[in-house]
Amino acid sequence: MPEQSSWSMNNRSCTTTWITLYRLKQLRKIFSEAGNMQMKDLKFFNPNLSFELLRQEASMLADMIDVVFVVGRGAVYEEGANRTQAVNMMTDILSNANSTVADFAAVNDKNYLFWNEKK
Amino acid sequence: MPKGFLFILFITWQSVVFSQKDSSQHLFADELIAMVENSLPTHSTATLLSELKKKLTTDPDLYNRAWAKINKIKETSKALVLFRDLNVEFKTFEIKKEDLVGLGLKYDWNFDWRRFQEKPLKRNGISFQFQSNGNVAFRKELNPYDFLSSGINFGGFQYSGGVANKTTSEIRDLLNDLEIDLANMTTTEEIESSEEWETFNENLVLTNQYYIGLDGAVELENTQDFRQKQWVAGIKLGLGAKGWAQHSTLAYFNLLDYPFALLRIITGTDKSFQPDGASIPVFMARMDYVKPVDDATRKTLTGNENSFARLNLELGFRTLISEFKDHSIFFNADLRYYKEMNAPEIIRQVNLDRHTYFSASVSSTKGFFASFAAGKLPFDAGNDNVYELGFRYQFN
């Protein structure tokens, strides 16, 4: 779980995380309002599921987001990070009802170097 | 439940969760503590619960405020690191037919590790998971979901699909520029009717995504007082599919979403009839070998505690009902089915060879949720219709 995260238009992880969740129909909020959204308010988060099935849903979404970042958007893994770490961390955050989209973007910022993003 | 226990519970909550220096952040906790203290001398437990329930279910910001405080503590408290993967949800359980209301909590503690092969379009891997979850009522007779489970899983998985093609440098530059333009827009209507959104989707072509996972599992299942328990070993198959493409053909196979697609048109959320490919139901099947231990009911009925095979199916579904300016409303459902294979005649006669459990809820992004559950899980003695109102609270 990351520290309380900043949500800024100047952070490529924030904008790319937002537009990816929007494109995957997980949220329908403009950028400035999306950072405080919680995972339980995303479309995949069914509170009635057993936890293992919820994890399955979260891991599937995490896998998809990783593919969009890497194959579609040209992100690479940060030094010391890899696909296993990135997807595991995304799955953890996505499974946590109270984590926010800003928290999610902060985790992605640690694991991915986005296209044209400066180190 | 003793009133003192309630008081201690809230004092503990106050000291752990709300111990912030900013006095404004005490507001809500103080509000609750004062209400409990004032009620203790003059009110019955039922009245107190009633007042608490009323309070907890009429303040839509309660959950958000509680969570904001937990986030603050997490920054400074190393002790809470131990609880990083422990989720706790406090609930009021209400059994309508007996007019009973009780407090309790749902917990889940999960450690999940996965290792992938690094191939982006077809991703295989192995996984290991420890999990423990269940529902605990402070008065056990009021626990309608008296079924706790702890165990480990180990297995393999594969994902396929996702993005149609690896994009070029030029397209990546373009997508970056469009992303900033879209992030600057001030309404969702502006975004979705813009040329930028259309161009973005034309250049980031998504495909259907599929998941299959196969795990071996060993678990201990028990009631909250451990008066009934059993060991379970088995294999688990998980399946998932998502139609991410715009106007996905796969989405039209999502028949469960058809009524909600109509509702979305009626409420102006969608402009045309479009089942949602992101809401395709998720499915899991398990075949288990169960060894009862201290299962008095079974021993009385069959005269032994012999092992048996059990099939377990679960189907989950969540979709958008409607979207308003400041919140969204979702429909959530989950169906679980347990069937003992080749059960002894006496077990079949008393209907303990199969268990069906269905829960459905409507939840709002403003915090409120209402749910309905019917049926029983394997340890339950009878069928219950349970209505539930609550708020959630989480260590993380």
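Residues numbered from 1 in each chain as written. Chains lettered and ligands numbered in written order. Predicted model: local features only at pLDDT ≥ 70, side-chain atom pairs only at ≥ 80, totals over all residues.

Q: Outline the overall build of chain B, supporting the account with residue identities and numerical values.
A: Helix and strand counts for chain B stand at ten helices and 13 strands. Per-residue burial for chain B yields a buried fraction of 29% across its 396 residues. For chain B, the proportion of contacts with a sequence separation of at least 24, taken over those separated by at least 6, is 62%. (Helix = DSSP H or I, 4+ residues; strand = E, 2+ residues; numbered from the N terminus. Buried ≥ 20, exposed ≤ 12 C-beta atoms within 10 Å, placed from the backbone. Contact = placed C-beta atoms within 7 Å.)

Q: Residue-level account of helix 5 (residues 169–183) of chain B, with values.
A: Residues and elements named next belong to chain B. Taking 1.5 Å of rise per residue, 15 residues should cover 21 Å, and helix 5 covers 21 Å from first to last C-alpha, within 8% of that figure. Buried within helix 5 we find Arg172, Leu175, Leu178, Glu179 and Leu182. The buried side chains of helix 5 occupy one side of the element, clustering within an arc of 125 degrees when seen end-on. Residues of helix 5 that are exposed and point more than 90 degrees away from the buried face comprise Ser169 and Glu170. (Expected span 1.5 Å × (residues − 1). Arc of directions from axis to C-beta.)

Q: Could you give me a rundown of the interface of chain A and chain B, with the residues and numbers involved?
A: Counting residues at the interface gives 48 residues for chain A, matched by 66 residues for chain B. Residue assignment for the side of chain A that touches chain B shows that the elements contributing at least two residues are helix 1 (12–23), helix 3 (51–72) and helix 4 (83–95) of chain A. The element contributing the most residues to the side of chain A that touches chain B is helix 3 of chain A, with 14 residues. For the side of chain A that touches chain B, the per-class residue count stands at 20 nonpolar, 16 polar and twelve charged. (Nonpolar A, V, L, I, M, F, W, Y, C, P; charged D, E, K, R; others polar.)

Q: Which residues make up the pairing of strand 6 (residues 229–242) of chain B, and what values do they have?
A: Residues and elements named next belong to chain B. Looking at chain direction, strand 5 (residues 206–222) and strand 6 are connected through 14 bridges and run antiparallel. Bridge pairing in strand 6 links Tyr210 to Ala241. Two successive antiparallel strands, strand 5 and strand 6, enclose a turn made up of six residues, where Phe226 displays a positive phi of approximately 60 degrees. In this sheet, strand 7 (residues 282–293) lies alongside strand 6 in antiparallel orientation, the contact comprising eleven bridges. Bridge pairing links Trp231 to Lys291 in strand 7. (Pairing = 2+ DSSP bridges.)

Q: Account for the nonpolar core, naming residues and giving values.
A: One recurring pattern in soluble globular proteins: nonpolar side chains tend to sit buried together. Judged by nonpolar contacts, the single largest core of 60 residues is most densely connected at A:Trp18, A:Leu61, A:Met64, A:Met90 and A:Val101. Counting residues per element, this core draws most heavily on helix 3 of chain A, at twelve residues. Counting contributing residues, this core receives three or more from each of domain 2 (90–163 + 207–396) and domain 3 (166–204) of chain B. Residues contacting A:Met90, with those up to four places away along its chain left out, are A:Ala62, A:Ile65 and A:Val107. (Core = buried A, V, L, I, M, F, W, Y, C linked by C-beta atoms within 7 Å. Domains from an automatic or database assignment.)

Q: Residue-level account of the confidence of the model for chain B, with values.
A: All names here are of chain B. Averaged over every residue, the pLDDT of chain B is 77; the share at 70 or more is 67%. Within chain B, helix 5 carries the highest mean pLDDT (96), whereas strand 13 (residues 393–394) carries the lowest (35). The model gives residues 10–27 a pLDDT under 50, and that stretch makes 17 contacts with residues more than four places away or in other chains. The ipTM for the predicted assembly is 0.94, set against a pTM of 0.75. (pLDDT = per-residue confidence, 0-100.)

Q: Can you tell me about the environment of A:Glu57, naming the residues and giving the values?
A: Considering the arrangement of structural elements, one finds A:Glu57 in helix 3. Given 23 C-beta atoms within a 10 Å radius, A:Glu57 is considered buried. Taking the C-alpha atoms as reference points, A:Glu57 and A:Gln85, separated by 28 residues in sequence, lie 18 Å from one another. When sequence neighbours within four positions are dropped, the list of residues in contact with A:Glu57 reads A:Phe44, A:Asn46 and B:Val282.

Q: So, the packing of helix 1 of chain A against helix 5 of chain B: which residues are in play, and what are the values?
A: Contact pair helix 1 of chain A / helix 5 of chain B: the axes reach a minimum separation of 10 Å and the direction vectors enclose 80 degrees. As far as their axial angle goes, helix 5 of chain B and helix 1 of chain A are roughly perpendicular. Of helix 5 of chain B, the residues touching helix 1 of chain A (which contributes A:Thr15, A:Thr16, A:Trp18 and A:Ile19) are B:Glu179, B:Ile180, B:Leu182 and B:Ala183. Residue classes in the contact of helix 1 of chain A with helix 5 of chain B are distributed as five nonpolar, two polar and one charged. (Axes fitted to C-alpha atoms, helices over the stretch in contact; angles between N-to-C directions. Parallel < 35°, antiparallel > 145°, perpendicular 65-115°, else oblique.)

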